[in-house]
Amino acid sequence: ASSTSLFLSADELEPGMRVRGEVVSLEPYGAMIRLAPGVKALCPPHHVSDVPGRTSSAKVKEGAKLQFRVLHVDRTRNRVSVTHKKTLVKSDLSIVSCEKDAIVGKRCHGVVTGVEPYGVFVQLFGVARGLAGLQDLGLSEHQTPKEAYAVGQCVRCTVVRADSVGKLKLSLVDASEGVFGGRAGDVLRAVDVHDFETNEETAVDDDAIGYAAGTVFPAVTVRSIEPESRTVRVVLPDGSSGAITAAHVSDHPETGAALLGTLKTGDEIGPVVVLESGKPGKGRRAVLSRKQTLVSFASREALPETVADVAVGASYPGYVASVASGGVFVRFLGRLTGLCPPSGFQTCFSGVTVDASDRFALGQTVVARVTAVDATAVPPRVSLTLAGAGGSKREQKTKTAASYEVDADPDAFLVRAVFADAEALDVLAEKRAAESSANGETETETGYAVALTRESVQSHFAPGSRLGVVATAIKPYGVLAEAAEDDDAVCLLANAQTPATSSLRSQPSKKSKSKSKSETETETAIAVGDALDVVVLDVDRREGVVDVGARAGLLSGLRKDGEKDDKKNKKKKTSSSSPALGAEVAATLELVKPEYVVVSLPEHGNAIGYCATRAFNAGFGFGVNESRRDDDGETIAPFGGKKVGDSLRVKVVANAASKSPGGRLLLRADAEALGDSTDSNNGGFGSAGGAALTTHPVRA
């Protein structure tokens, strides 16, 4: 989304502009907003909240300064209307507001203004209006427009015909919000919907043979990437077409977006799973997903496609198809969809108090537990909960380290996705660099480069390796150092990992000794030229940055054989062996990254690991991301405010034998640490969407 626009008068406003304003009054006809001195706007009642039918919001109150988006500007009467619906404010789709914008095939957001037996009326921006007929609503058999749509509901639209900007013909079959967006009190049901495919799907021959949902391909080739929707069009091994939406590039939205931004025509990505079958030669593509949760469960035929595949009490990974006032709709394979009512997610991750529409992002991965199935209803009803969905209490009691099944735990895939995407980005960067070199282009000209080779990392900078470095610069955020093993590596020692002066391999210079006490306390006891013993915590091969640690507690766990234990540590037993799958172990926080933390395992030779700081079911929506930052915009300390040196419990969920990225051990933080107290049996392990963690044994 673009940033807020600056302006001085109403003449400078255009439909679609993002603006900030102050609520000056609340009236029966809407909220009056002051956008600038002498410039006011009206936020109509049904544009105050994203929830259909709601005409008020706790945030929209007198004196509040909020972000809006311009809906319409009437220059003749000097009137401006704006919207506060987050779906519209944050939308990256095209703005259709006038005749020149109304291009057939263009996709945009709009708001439902009327629901009739024959179709749904939608307001876009400016003077643009349209009607989506029954055939363009994506309704299931026997479903009426009023059962799926409500006035005030945000929908995604595709312009089908544009004879008049005020009478556009629209299609909503490309809009999962519209198809699923029931009103409060909607029954729990599996909704039969269309996907984003072309209107030619009405001509599909039902007898044509397509790929079965659940089919897994090791890799597919990128054909093109749509500039607006960021949908990846791919070629399957047999030459047929498929499509991967932006949300299905990865289980993790952040790393998935980075990967999507790097992909080009001809690249291979995978593995992928067919979510919905395409019909060859009929203009419809197979709908695919690269989410490892879905790929893994589909590979084991453990992902349901019909109600006959669903077992009450079982948990399955799925993805958010829509968020409505009646709850969160979760889809699995094919068109099997269930509904989790507000009671099924409001009781978990209580620390996240944002609205459902701000908490869950469309397409994000969730782990849902089935609470009820009514196969006699038309369509069948599947009831879900996101609270404690990682495994029932009965399952937790029976699972032991020996019986733990790696691929049966969807909670382990979040951090796995982070590092799988990182490795994919490394491979693509190496490919780009090789292509540039073959064309006679330099790294400076193209910007494609990988600073550290895979061999260098494996030999010298593997996480957990002990290293000798020399300080080269002192920065506000820590110490920069160089390693003799590779001149291209830049080692970074964060302030929280700075060792005591006594642990330095060489004493500080006279210059550093002459500093005042307050100066050394606020900066560091380390000076340029000091030699340090450190442990590798994390590596970014593309940037060449090696995060290292030298905290006393981290280094003390690496004592050589023959060294005497002090009295405090005499009774503690450590092992250099890797912990077994399913084992619960203690971990110590070492380094905080935006989406994961680095930890050490003191019971296993201070092995180094990586732990996701959130859970699938906590949500990836805008409101959740905002709740993870303080008033200054800084990321809040994870796990309830834990800092470097603090302890937490983790569970081993995968290892090199299970083909984890880079051969890392994977562990998962307990549910209570992640904020879900609804299913904290067995130490909280096994609850909804728990985070995973990866480790490497420390090498002396």
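A brief structural summary. This is a predicted model, so every value here is computed, not measured.

**Digging into the nonpolar core**
Now for step 1: Leu-467, Val-469, Cys-491 and Val-546 are the most contacted members of the largest nonpolar core, which has 52 residues in total.
Now for step 2: Aside from chain neighbours lying at most four places away, what touches Cys-491 is Leu-467, Val-469, Val-479, Leu-480, Ala-481, Ala-483, Val-546 and Val-548.
Now for step 3: Core analysis: the next-biggest nonpolar cluster, separate from the first, contains 41 residues, Phe-349, Val-599, Ala-618 and Phe-639 among them.

**A closer look at the sheet that holds strand β6 (residues 107–116)**
Now for step 1: Strand order in the closed barrel formed by 5 strands is β6-β7-β8-β10-β9, with mixed pairing between adjacent strands. The sheet shows a mean angle of 55° between the axes of neighbouring strands, direction not considered.
Now for step 2: As defined by bridge partners, β6 adjoins strand β9 (residues 154–161) across 5 bridges and the pair is classed as antiparallel. Looking at the pairing, Cys-108 lines up with Cys-157 of β9.

**Description of the packing of helix α4 (residues 253–260) against helix α8 (residues 413–438)**
Now for step 1: At their nearest, the axes of α4 and α8 sit 9 Å apart, and the two run at 15° to each other. Between α4 and α8, the angle is such that the two are roughly parallel. Considering only the axes of α4 and α8, their crossing is left-handed. Between α4 and α8, the contacting residues are Thr-255, Gly-256, Ala-258 and Leu-259 on the first element and Ala-417, Val-418, Asp-421, Ala-424, Leu-425 and Leu-428 on the second.
Now for step 2: Here the contact of α4 with α8 is built from residues that sort into 7 nonpolar, 2 polar and 1 charged.

**Quick look at the environment of Thr-365**
Now for step 1: Structurally, Thr-365 is set in strand β21 (residues 365–374).
Now for step 2: Residues Thr-365 and Asn-617 lie 252 residues apart in sequence; the distance between their C-alpha atoms is 7.9 Å.
Now for step 3: Discounting residues that sit within four places of it in the chain, Thr-365 has contacts with Asp-251, Lys-291, Thr-293, Gly-318, Tyr-319 and Phe-616.
Now for step 4: A distance of 2.7 Å separates a polar atom in the side chain of Thr-365 from a polar atom in the side chain of Asp-251.
Now for step 5: At 3.0 Å, the side chain of Thr-365 and the side chain of Lys-291 are in polar contact.

**What to know about the environment of Val-272**
Now for step 1: Within the element layout of this structure, Val-272 appears in strand β16 (residues 272–276).
Now for step 2: With relative accessibility at 0%, the residue Val-272 sits in the buried group.
Now for step 3: Taking the C-alpha atoms as reference points, Val-272 and Ala-298, 26 residues apart in sequence, are found 10.0 Å from one another.

**Points about unusual backbone geometry**
Most of the time, phi is negative for any residue but glycine, and the peptide bond is trans.
Now for step 1: The omega torsion across Gly-270 and Pro-271 is -5°, close enough to zero to call that bond cis.
Now for step 2: Its location among the elements puts Pro-271 in the loop between β15 (268–269) and β16.
Now for step 3: One non-glycine residue, Asn-78, lies in positive phi territory at about 55°.
Now for step 4: For Asn-78, a relative accessible area of 56% translates into the label exposed.

**Observations regarding the pairing of β16**
Now for step 1: Where burial is concerned, most of β16 is hidden: 5 out of the 5 residues are buried.
Now for step 2: Across 2 bridges, strand β11 (residues 216–217) lies against β16 in antiparallel orientation. For Val-216, the partnering residue across the bridge sits in β16 and is Val-273.
Now for step 3: Pairing geometry for β16 and strand β17 (residues 286–289), over 3 bridges, is antiparallel. Residue Val-273 lies in a different strand from β17, and its bridge partner there is Ser-289.

Reading the values: the criteria
Residues numbered from 1 in each chain as written. Predicted model: local features only at pLDDT ≥ 70, side-chain atom pairs only at ≥ 80, totals over all residues. Heavy atoms only, no water. Core = buried A, V, L, I, M, F, W, Y, C linked by side-chain atoms within 4.5 Å. Buried < 20%, exposed > 50% of the residue type's maximum accessible area, 1.4 Å probe, protein only. Contact = heavy atoms within 4.5 Å. Pairing = 2+ DSSP bridges. Helix = DSSP H or I, 4+ residues; strand = E, 2+ residues; numbered from the N terminus. Axes fitted to C-alpha atoms, helices over the stretch in contact; angles between N-to-C directions. Parallel < 35°, antiparallel > 145°, perpendicular 65-115°, else oblique. Left-handed = near helix turned anticlockwise from the far one by under 90°. Nonpolar A, V, L, I, M, F, W, Y, C, P; charged D, E, K, R; others polar. Polar contact = N/O pair within 3.5 Å; in protein donor to acceptor, adjacent residues only side chain to side chain.

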